[in-house]
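Topology and contacts: notes
Spelled out, the chains give:
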Amino acid sequence: MRFDVAMAKAYGSLALGMNMRALRDGGADPTGPWGTWGPQFVNSAVTISHGKIAPVPGGVLIKSSGNDNIGAVGVSGDTSDNDEMCAMAGVAATGLASDPCYK
């Protein structure tokens, strides 16, 4: 099951072009990017993807040196916050970058 969760975090990041923390936080904040429609946006994204998106921290984008999205990584196995930190550390260990997302 952990592989499936990690894959859903990575899939969501790449499909939507954002880290999963941004999706979760934006969906929960009525002053966020989708306003009061945030929960509906997140639910729609999960539904349209047939459940392939896990809108929780732990999925991060991998950026090129030109700041283009070139992939994503998802981590599962601890708390979502720790999963996210591990994902970002893994990307950094390759010499690539990810969007800062840990608060």
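The rules behind each value
- Residues numbered from 1 in each chain as written.
- Predicted model: local features only at pLDDT ≥ 70, side-chain atom pairs only at ≥ 80, totals over all residues.
- Heavy atoms only, no water.
- Helix = DSSP H or I, 4+ residues; strand = E, 2+ residues; numbered from the N terminus.
- Rg over C-alpha atoms; globule rule 2.2 N^0.38 Å.
- Contact = heavy atoms within 4.5 Å.
- Areas by Shrake-Rupley, 256 points an atom, 1.4 Å probe, with all protein chains shown as cover.
- Lys, Arg positive; Asp, Glu negative; His and termini not counted.
- Charge placed at Lys NZ, Arg CZ, Asp CG, Glu CD.

On to the overall build of the protein chain. Secondary structure summary: the protein chain contains four helices and two strands in total. When the helices and strands of the protein chain are placed in sequence order, the string is α-α-α-β-β-α. Taken against the 2.2 N^0.38 rule, which gives 13 Å for 103 residues, the C-alpha radius of gyration of the protein chain at 13 Å falls within 12% of a compact globule. Taking the principal axes of its C-alpha atoms as reference, the protein chain extends roughly 40 × 30 × 25 Å. Considering only intrachain contacts with a sequence separation of at least 6, the fraction spanning at least 24 residues in the protein chain is 57%. Only carbon and sulfur atoms are counted for the fraction: they give 61% of the accessible area of the protein chain, which is about 5700 Å². For the protein chain, the distance from the average position of its 7 positive side-chain charges to the average position of its 9 negative side-chain charges is 3 Å.

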